[in-house]
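# A closer look at the structure
Below are the chains, spelled out letter by letter.
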Amino acid sequence: MADGESSEALSAGVVGGSGFTGGELLRLLDGHPNFEIAQATSRSYENKTIGSVHPNLRGRTLRFSDPTDLESVDVLFAATPHGVSMERIDAFEDAADTVVDLSADFRLDTEEQYEEWYDGHSAPEYLEKSVYALPERYREELPGAELIASGGCNATATMLGLGPLFDAGLLSGDEQVVVDVKVGSSEGGSGGGAASSHPERSGIVRPYAPTSHRHEAEIEQEFGISVSFTVHAVDMIRGASATCHVFPDGPVSKKELWGAYRESYADEPFMRIASGGGGVYRYPEPKAVAGTNYGDVGFELDPANRRIVVFSAIDNMMKGSAGQAVHAANVALGLEETAGLEFQGLHPVGAP
């Protein structure tokens, strides 16, 4: 354990523990060396065991409790629909020293952004104190943070892919950037709906947000750019795969690209570069990171069209949600950064 890292046991609560992301949080916290789950809440499954809802947690005796009766904990993870956390943030902060919110309620910096991209904000005074969770970009801001906002999965995949180009000065922000993201059905949550039923979802490549996806706001906020962003629903369960088409003002060499990505990610415990090597998995694919907190990135040059193509792949419920939240909490609380997140994935494996 590195100097300054804590080995103490911390109590954790999960609000909204019956959803897909809540289940992932419970799985991660259950195996975490520093966290003890004190409470998991659910309106629909109050008094049911967490294993009765999440079959991978069978045998665990913890039962869901009423979300209005919060216990005092060190860390509270809120896996609630958009709009809930901003209404309950005072209660969350009263219950915990550190709140990690996995909804969109505290990801953006200003009330004006929420007016533009969502339906306004009822607790804008909290926006200034919130820290974006993604450690690869906000590691320095996270230690000691009291309110942490886990990023959107589509935004996370895109930002991890594009970040090194901006950090290395290969992009200034004036260039055209076109992003196409393909996501699995778990992004829609456990509630489902007509479009998520198996007969309708199976076999599809369906554009469901051709323009104006809300995660654009996070990308534009991070890089100060205007991005052309499209999202497709595809026939997989876990995963978000972003393909970014970037048109730089001047020539960029393969050596410069390798240098930029290695500089950004060589020391990152959960980032891997997959860029045109040998074997079957030559570029990032969600299947290769399913169930893990890893992010895979890669790239190719298209000199004839003065284009850089950037690929990135994450598990939307892990690196794009619960894994990112636990990773950020580890950093914020001075724990071993990789604690509870060491799972390497499986190969071969079926559809993620």
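One can find the structure itself at the top, above this paragraph.
Residues numbered from 1 in each chain as written. Predicted model: local features only at pLDDT ≥ 70, side-chain atom pairs only at ≥ 80, totals over all residues. Heavy atoms only, no water.

Summing up its helical and strand segments, the protein has 10 helices and 14 strands in all. On C-alpha atoms alone, the protein measures out to a radius of gyration of 20 Å, which is about the 20 Å that the 2.2 N^0.38 rule sets for 352 residues. Principal-axis analysis of the C-alpha atoms gives the protein an extent of 60 × 45 × 45 Å. Relative to its full complement of 352 residues, the protein shows a buried share of 54%. Contacts in the protein between residues far apart in sequence, at least 24 positions, make up 69% of those at least 6 positions apart. Separation between the mean location of the 25 positive side-chain charges and that of the 54 negative ones in the protein comes to 11 Å. (Helix = DSSP H or I, 4+ residues; strand = E, 2+ residues; numbered from the N terminus. Rg over C-alpha atoms; globule rule 2.2 N^0.38 Å. Buried < 20%, exposed > 50% of the residue type's maximum accessible area, 1.4 Å probe, protein only. Contact = heavy atoms within 4.5 Å. Lys, Arg positive; Asp, Glu negative; His and termini not counted. Charge placed at Lys NZ, Arg CZ, Asp CG, Glu CD.)

It is worth spelling out the sheet that holds strand β10 (residues 228-234) at this point. Pairing is mixed across the open sheet formed by 7 strands, whose spatial order is β9-β10-β8-β11-β14-β13-β12. Of all strands in the sheet, those bounded by a partner on one side alone are β9 (205-209) and β12 (271-273). The mean angle between the axes of side-by-side strands here comes to 25 degrees, regardless of whether they run parallel or antiparallel. Looking at chain direction, strand β13 (residues 295-302) and strand β14 (residues 307-314) are connected through 8 bridges and run antiparallel. Looking at the pairing, E300 lines up with V309 of β14. Lying over the sheet, helix α9 (residues 254-265) contacts β12, β13 and β14, oriented at roughly 165 degrees with respect to β13. (Pairing = 2+ DSSP bridges. Axes fitted to C-alpha atoms, helices over the stretch in contact; angles between N-to-C directions.)

Axis separation between helix α6 (residues 153-167) and α9 bottoms out at 8 Å; the angle between their running directions is 110 degrees. Here α6 lies roughly perpendicular to α9, going by the angle between them. Contact residues: M159, L160, G161, P164, L165 and D167 in α6; L257, A260, Y261, S264 and Y265 in α9. The class makeup of the residues in the contact of α6 with α9 is 8 nonpolar, 2 polar and 1 charged. (Parallel < 35°, antiparallel > 145°, perpendicular 65-115°, else oblique. Nonpolar A, V, L, I, M, F, W, Y, C, P; charged D, E, K, R; others polar.)

A word on the packing of aromatic side chains. If you walk through the whole model with that rule in mind, you get 10 aromatic pairs. Aromatic pair Y132 and Y138: ring centres 5.6 Å apart, planes at 50 degrees, arrangement tilted. Accessibility classification places Y132 together with Y138 in one group, the buried group. Grouped by ring-pair contacts, the aromatic residues W258, Y261, Y265 and F299 constitute a single cluster. Seen from the ring of Y294, R272 lies directly overhead, with NZ or CZ sitting 4.3 Å from the centre. (Phe/Tyr/Trp six-rings, centres within 6.5 Å; stacked < 30°, edge-to-face > 60°. Lys NZ or Arg CZ within 6 Å of the ring centre and 35° of its normal.)

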